[in-house]
Amino acid sequence: MPIIIKSRHEIEMMRRCGYIGHHILRKMAKAVRPGITTAELNQIARIELQKAGAIGLSKNYPTYKPNEGYPAETCISVNEEIVHGIPGPRRLKEGDVVTLDIAPAVDGYCADTAITVPVGTISPENEKLLRITKEALDLALSLIKPGKLWSEIARLIQHKVESNGFNVVREFVGHGVGKRMHEDPKVPNFMTAEQLRSDFKLRPGMTLAVEPMVVSGDREVEQLEDNWTIVTADRSFAAHFEHTVAVTENGCDVLTDGRAPWGI
Ligand code: MF3
Ligand code: CO
Ligand code: CO
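Residues numbered from 1 in each chain as written. Chains lettered and ligands numbered in written order. Predicted model: local features only at pLDDT ≥ 70, side-chain atom pairs only at ≥ 80, totals over all residues. Heavy atoms only, no water.

Engineer: Which parts of the structure should I look at to understand the pattern of salt bridges?
Structural biologist: Where charged atoms from two side chains of opposite charge approach closely, those side chains can pair. Summed over all chains, the structure comprises 16 salt bridges. Measuring nitrogen to oxygen at the nearest pair gives 2.7 Å for the salt bridge that ties Lys-6 to Glu-183. Taken together, the residues span a long stretch of sequence, with Lys-6 in the segment before helix 1 (8–31) and Glu-183 in strand 10 (residues 183–187) at a distance of 177 residues. Assessed through its relative accessible area of 7%, Lys-6 is described here as buried. Residue Glu-183 is classed as buried on the basis of its relative accessible area of 10%. The salt bridge involving Lys-51 is made with Glu-48; its shortest N-O contact spans 2.9 Å. Taken together, the positions of Lys-51 and Glu-48, both in helix 2 (residues 38–51) and three residues apart, correspond to about one turn of that helix. (Salt bridge = Lys/Arg side-chain N within 4 Å of Asp/Glu carboxyl O. Helix = DSSP H or I, 4+ residues; strand = E, 2+ residues; numbered from the N terminus. Buried < 20%, exposed > 50% of the residue type's maximum accessible area, 1.4 Å probe, protein only.)

Structure, rendered in structure tokens:
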């Protein structure tokens, strides 16, 4: 599929989704404390999405089994869970790290954003894991410029992560986003010969979800029995930060950083 270039108007429509996503993540993050369940965190998102007239695109996201889509408005992944954790009765406890991932849609456009937050006081190693993952995302965004190949940026994300003693997940990558949550191209956080074959050049009007997933141990992953939750095979901790951005004439415009769209 070709990469779909968005107009200024479409980018502003996406910023509306990004604004909603940013504020819901902030509200969920403020509620994170020992004792709260991940279902209660999802409930906050469900209510806020409804208030905003938006939907959470993970809800009913199809799987290979018919009539068994993803069951919640957000993905909430704890500790060794990397992505696609299902909100439920699990209670967070002091020292956990929790990833909150939401993809709101409103008026036919989407955005996709995620953060990993600490529950109370976490170990210095986990603090570093969260910090380096966020810095890897910020680094990638600071390097986005039209004319550049994504592979140049992907290599630097990987280098940032690995030189700090962590690893980049290979099975999941960022993606184009627009009228659909997942569009082409694939936006990896590492570079291999295989990835290089689907490399692409950044152009103004491209809208991308950039989302490094970083693990403190080995990078092998497993899927749990629920057919959704992805965990590290060695059960080491993971972190994940995601922003939706538009490539501009001279850099990048972050659509999920909480800046108000036109008309708000
Ligand atoms: N928000 C996820 C992403 O970053 C996708 C969630 S859809 C789900 O791409 F169904 F897998 F939950
Ligand atoms: Co996401
Ligand atoms: Co995404």
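We are not done yet, so read on.
Engineer: What am I meant to see in the site of ligand 1 here?
Structural biologist: The local shell around ligand 1 holds 13 residues, among which Tyr-61, Cys-75, Asp-112, His-182 and Glu-211 are the closest. Separating a nitrogen atom of ligand 1 from a side-chain N or O atom of Asp-101 is a distance of 3.2 Å. For ligand 1, an oxygen atom lies 3.0 Å from a polar atom in the side chain of Glu-211. Within the complex, 95% of the 340 Å² of free accessible area of ligand 1 lies under protein. A molecule is said to occupy a pocket when more than half its atoms come within 2 Å of that pocket's grid points, and by this definition ligand 1 occupies the largest pocket. (Near = heavy atom within 4 Å. Polar contact = N/O pair within 3.5 Å; in protein donor to acceptor, adjacent residues only side chain to side chain. Areas by Shrake-Rupley, 256 points an atom, 1.4 Å probe, with all protein chains shown as cover. 1 Å grid on protein atoms, 1.4 Å probe; cavity = no way out; pocket = protein on both sides within 12 Å on 5 of 7 lines; lining within 4 Å. Sits in = over half its atoms within 2 Å of the grid points.)

Engineer: What is the right way to read the environment of Ile-102 from this model?
Structural biologist: Mapping Ile-102 onto the fold places it in strand 4 (residues 97–102). Here Ile-102 falls in the buried class, since its relative accessible area comes to 0%. Those residues in contact with Ile-102, other than ones at most four positions away along the chain, are Gly-21, Ile-24, Leu-25, Ala-45, Leu-49, Glu-73, Thr-74, Ala-111, Asp-112 and Thr-113. (Contact = heavy atoms within 4.5 Å.)

Engineer: Looking at this model, I keep getting lost on helix 2. Mind explaining?
Structural biologist: An α-helical turn contains 3.6 residues, so any two residues separated by three or four positions project in the same direction. When the terminal C-alpha atoms of helix 2 are compared, their 20 Å separation across 14 residues agrees well with the 20 Å that a helix rising 1.5 Å per residue should span. Three or more residues of helix 2 are buried, namely Thr-38, Leu-41, Asn-42, Ile-44, Ala-45, Glu-48 and Leu-49. Looking down the long axis of helix 2, one finds its buried residues gathered within 150° of arc, a one-sided arrangement. The exposed residues of helix 2 that point more than 90 degrees off its buried face are Gln-50 and Lys-51. Check the buried side of helix 2 and you find it contacts helix 1, strand 1 (55–56), strand 2 (74–78), strand 4 and strand 5 (104–106). (Expected span 1.5 Å × (residues − 1). Arc of directions from axis to C-beta.)

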